[in-house]
Amino acid sequence: MSSGETILRLEKLTKHFPVTRGIIFQREIATLKAVDDVSFEIKAGQTLGLVGESGCGKSTLARCIVRLLDPTSGRIEFEGEDISRLSGKALRSVRRDLVMIFQDPMSSLNPRMRVSEIIGEPLEVYRAGTSATRRARVMELLELVGLNSEHFNRFPHEFSGGQRQRIGIARALALSPKLIVCDEPVSALDVSVQAQIINLLEDLQAEFGLTYLFIAHDLDIVRRVSDEVHVMYLGRVVERGTDEDLYEAPHHPYSAALLSARPVPDPDRAQNRTHIVLEGDVPSPLDLPSGCRFRTRCPRAQPVCSEVEPELDGPAGIHEWACHYPLETWPLASPEDIRRPGSAVGVTEVGP
Amino acid sequence: MALLEVHDLHTSFSTDDGLVRAVEGVSFSVDHGRVLGIVGESGCGKSVSMLSIMRLLSMRQASTSGRVMFDGVDLLEASAAEMQNLRGREIAMIFQDPMTSLNPVYRIGWQVAEAARIHDATLSKAEANKRAEAMLTAVGIPSPRERLASYPHELSGGMRQRVMIAMALINNPKLLIADEPTTALDVTTQAQILELIRTLRTDLGSAVVFITHDLGVVAELCDEVVVMYAGKVVERGGVRDVFHAPQHPYTWGLLGSLPGRNLRSKRLFSIAGSPPSLLDPPTGCRFAMRCIHVMDRCRNDEPALVSAPGDEHFVACHLAPEIRNDAANQFPGGTA
C-alpha cells in the first residue's frame with residue numbers, strides 16, 4: 001500500500017458493555033457506553049493521535065481496532081476490508097499487519113520468557129521461516145530497537161523501563177506490520193527515556209513507512225508525533241484537526257480546557273497565563289448527561305446543550321468540533337472569556 | 001533564617017547486596033510562603049530525602065546523617081515524641097497515591113477529623129467534625145457534609161487527593177511536603193489541585209516542598225528548583241534561572257527532552273543510557289557517563305556546587321562557565 005491511501009477507516013464504531021445483575025437470570029440493568037459512534041480514517045504512513053482523560057474510551061477503542069474486543073456496532077475497514085466481524089483464519093491473517101504496543105512494558109512481557117522467545121513468538125506463531133532465519137530476525141530486531149545481541153537470552157526483569165518498552169516494540173515489529181496501535185507507549189517512562197522511545201518510533205516510521213494510531217493523555221507528546229489529533233470525551237470525539245488547528249485554535253471548550261490545564265515548562269508563560277479550571281469530575285459513563293456530554297462541566301453550557309447532542313461539524317477541511325457554542329478566540333484574554341458564548345456563532349450552530 | 005534548612009543530608013540503606021547510598025549531601029532551604037520544587041527521574045532520591053526529613057524511614061535499614069533545621073529544631077536529633085508532635089501539625093505530607101494512603105475501612109470524616117483530634121486532646125468530637133467539614137469545603141469538595149460519611153472507594157482520584165490535602169492542612173501546618181501529588185491524576189484534575197495548592201500558599205502562607213518529575217508542573221507552581229540526579233543535587237536556583245539559563249548538562253537534557261512546541265522537524269534531545277546504580281556509584285561526577293560534554297576530569301573529581309549567574313543559583317559541573325552560558329542561551333527565554 002502506497003503512502004497517502006486510507007489504511008484504516010472507522011465508521012460509527014460503538015462499543016457498549018452490558019452491566020448485569022443476578023447469577024442465573026442475568027438481567028441487564030445498565031449499559032456502559034465506552035465508545036460511541038466514532039468515525040475516522042488514517043492514511044498510510046501517517047500518525048493519528050488520540051487524546052483524552054482516563055475513562056474517555058481511548059483504550060477500549062484501541063482494543064476494538066485490534067479486535068481484542070468485539071465492537072457492538074459499526075465498521076472497521078483495514079485496507080478496504082471490514083474486519084469488525086472477522087474470526088478464525090481471516091482474523092489471524094489481519095493481525096500480522098495490525099499490531100499493538102502496550103502501556104506497561106512490565107505487565108505486557110511474560111516474566112518467564114527470555115527476550116529472544118518474547119520477540120520470536122510472533123514469528124513462531126505465524127511459522128515464519130526456519131528456526132535459523134527466525135533467530136537472525138530476532139537479532140536484527142534487537143539491533144533495530146537499540147538493544148544488542150548480548151540481551152538475547154535475558155529475562156524482562158533484567159531491563160529498565162525504557163529497555164522493556166523497546167522489547168515490546170521489537171515484538172510488535174517482528175512480522176513487519178503496516179499499522180501499529182500504540183496505547184500510551186511512553187506514559188510509564190521518565191522524561192528523558194520518553195524522548196528516546198519517541199525518537200525510536202519516529203525513526204521506525206520513517207524507515208518502514210509505518211502507520212501509527214497513537215493514544216496518550218499527554219497533549220504535548222501527541223502533538224509531537226501526530227499529523228492529525230482527535231480529542232475524546234466520554235466515548236465520543238469532540239474535536240479533531242491537524243495539530244496546528246487544534247493546538248493554535250481549539251473550538252471545543254473541552255479541548256480548550258485540556259490545553260489550558262497542561263503544565264507549560266516555561267515559568268514566565270506558565271505563571272502569567274489564563275487558566276481554565278474545569279469544575280467537578282467526569283460524569284459516569286453509565287449515566288450520561290442528556291444532550292452534550294460535556295455540558296455538566298462546560299462553562300458555556302446553555303439550555304439547548306441539554307436537549308440536542310451536537311454533531312462533529314466544521315466549515316471546511318478536517319478541523320471539526322461537536323459544540324453548539326464553540327470558542328472563537330484563542331488564547332483567551334481572561335478566564336471569564338470562556339463563559340461568554342458568542343451569540344452569532346451560537347445561533348447558527350444550533351439546529352436539528 | 002529560613003523555615004526549613006537542610007544541610008548535607010545523607011541517607012543510605014543496607015541491603016543484602018551492599019550499602020545503597022540513596023541521598024548524598026543534599027542541601028536546600030525553603031521559607032514561609034515559598035514553593036520549592038524537587039525534580040529528577042525515578043530513583044534519584046527525591047522521595048527518600050523527604051522521608052528522611054520526616055523521619056519516616058525504618059531505622060533498622062536506613063541511616064541518615066546531616067542537619068535538618070525546622071523552625072529552630074534539628075529534626076534528625078529530635079526525640080520520637082517531639083517528631084510525633086511535629087508531624088501532622090507543623091509539617092504535613094501528601095503522598096502520591098491517595099488510595100493507598102487513606103484507610104479504606106474508615107469514613108472520610110473520621111479520618112480527616114482524626115488528624116485534628118490527635119494533636120488536640122481537648123477538641124470535642126463535634127468540633128473536630130465541624131473543622132473537618134470546613135476543611136473539605138476549603139479544598140473544594142462539593143456537598144462536604146454528605147462526603148464526611150463516604151468511604152474512600154466512593155470518591156474519584158481527584159476527590160481522594162483533595163481529602164488527603166484537607167487532612168494535611170487541618171492543623172494549618174507551616175510546611176507542606178507534597179510527594180508527586182498529581183502524578184496519578186488527569187491533567188484537568190491536576191490543574192484543579194495545583195490551583196488549590198497555589199491558593200493555600202497565598203492564604204495560609206505555608207511553605208511547600210513539591211516533589212515531581214514533571215518540569216511543566218515545576219514551572220507552573222514553584223519559586224525555586226532543586227534538580228537531583230543519582231542522589232545528589234546537580235543544580236539549584238530560582239525557577240526562572242533554572243528554566244531560562246540552565247547550567248547543568250543533565251538539566252539541559254531534561255528540558256531538551258520535553259516534546260514542547262513546534263519542533264516536529266527536529267529530533268527530541270534524549271539523554272543516552274540510564275542512571276548509575278547507587279550500590280556502586282562511579283567516582284567523579286555521577287552524570288559523567290551520560291554527559292555529552294564529559295572531560296577526563298569529570299571521571300575522577302567530583303564537582304562541588306559552585307555559584308552560577310543569577311540569584312542563589314548553583315551548579316555542580318566542571319564545565320567552564322563560558323561553555324555553560326553558551327549552552328544555556330539556547331533555551332527558550334534565555335538571555336540570547
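The rules behind these values
- Residues numbered from 1 in each chain as written.
- Chains lettered and ligands numbered in written order.
- Predicted model: local features only at pLDDT ≥ 70, side-chain atom pairs only at ≥ 80, totals over all residues.
- Heavy atoms only, no water.
- Salt bridge = Lys/Arg side-chain N within 4 Å of Asp/Glu carboxyl O.
- Helix = DSSP H or I, 4+ residues; strand = E, 2+ residues; numbered from the N terminus.
- Buried < 20%, exposed > 50% of the residue type's maximum accessible area, 1.4 Å probe, protein only.
- Pairing = 2+ DSSP bridges.
- Contact = heavy atoms within 4.5 Å.
- Axes fitted to C-alpha atoms, helices over the stretch in contact; angles between N-to-C directions.
- Patch = residues over 30% accessible without salt bridge, like charges linked within 9 Å, V, L, I, M, F, W, Y side chains within 5 Å.
- Areas by Shrake-Rupley, 256 points an atom, 1.4 Å probe, with all protein chains shown as cover.

1. Structural notes on the pattern of salt bridges
Residues and elements named next belong to chain A.
Moving on, step 1. By the definition in use, this model includes 37 salt bridges over all chains.
Moving on, step 2. Note that glutamate 184 is salt-bridged to lysine 58, the shortest N-O span being 3.7 Å. With glutamate 184 in the loop between strand E7 (179–183) and helix H6 (191–208) and lysine 58 in helix H1 (residues 58–65), this residue pair connects regions lying 126 residues apart in the sequence. Of the two residues, glutamate 184 and lysine 58, neither departs from the other in class, the shared state being buried.
Moving on, step 3. Of the charged contacts in the structure, one is a salt bridge between glutamate 309 and arginine 293, with a shortest N-O distance of 3.4 Å. Residue glutamate 309 is located in the loop between helix H10 (267–271) and strand E11 (320–321), and its partner arginine 293 is located in the loop between H10 and E11; the two are separated by 16 residues in the primary sequence.
Moving on, step 4. The class of glutamate 309 is partly exposed, set by a relative accessible area of 28%.
Moving on, step 5. Salt bridges sharing partners connect three or more residues here, namely Lys12, Asp36, Asp37, Arg236, Arg293 and Glu309.

2. Let's talk about the sheet that holds E11 of chain A
Residues and elements named next belong to chain A.
Moving on, step 1. Strand order in the open sheet formed by seven strands is E6-E7-E8-E3-E9-E10-E11, and the pairing between neighbours is mixed. Of all the strands in the sheet, just strand E6 (98–101) and E11 have a single pairing partner and so form its edges.
Moving on, step 2. Where strand E3 (residues 47–51) and strand E8 (residues 211–216) come together, five bridges link them in parallel fashion. Pairing of threonine 47 across the sheet is with tyrosine 212, part of E8.
Moving on, step 3. Set on the sheet, H6 makes contact with E3, E6 and E8; between it and E8 the angle comes to about 160°.
Moving on, step 4. Contacts between helix H9 (residues 253–261) and the sheet are confined to strand E9 (228–233) and strand E10 (236–242), with E9 contributing the most and set at about 100° to the helix.

3. Re a nonpolar patch on the surface
Moving on, step 1. A contiguous nonpolar patch, built from Ile23, Ile24 and Phe25 of chain A and spanning about 470 Å² of accessible area, is present on the exposed surface.
Moving on, step 2. On the secondary structure map, isoleucine 23 of chain A appears in the loop between strand E1 (6–21) and strand E2 (27–43).

4. What about the side chain of serine 150 of chain B?
All names here are of chain B.
Moving on, step 1. By secondary structure assignment, the location of serine 150 is in the loop between helix H6 (144–147) and helix H7 (157–169).
Moving on, step 2. We classify serine 150 as buried; its relative accessible area is 5%.
Moving on, step 3. Excluding its chain neighbours within four sequence positions, the residues that come into contact with serine 150 are Arg107, Ile108 and Leu155.

5. With respect to the sheet that holds E1 of chain A
Residues and elements named next belong to chain A.
Moving on, step 1. Ordered by their spatial adjacency, four strands build an open sheet running E2-E1-E4-E5, and the pairing between neighbours is antiparallel. Since the sheet does not close on itself, it has two edges, and those belong to E2 and strand E5 (81–82), each with one partner.
Moving on, step 2. Two strands pair when backbone bridges link them, and strand E4 (residues 73–78) and E5 are joined in this way by two bridges, in the antiparallel orientation. The residue bridging glutamate 77 from the neighbouring strand is aspartate 82, located in E5.
Moving on, step 3. Contacting E1, E2 and E4, H1 runs over the sheet at an angle of about 115° to E1.

6. Examining helix H1 (residues 46–53) of chain B
Residues and elements named next belong to chain B.
Moving on, step 1. Most of H1 is tucked away, with six of its eight residues classed as buried.
Moving on, step 2. By the burial criterion, the buried members of H1 are Lys46, Val48, Ser49, Met50, Ser52 and Ile53.
Moving on, step 3. Looking one or two residues past H1, arginine 55 carries a phi angle of roughly 55°, positive in sign.

Such coordinate-based values are descriptive only and should not be taken to indicate function.
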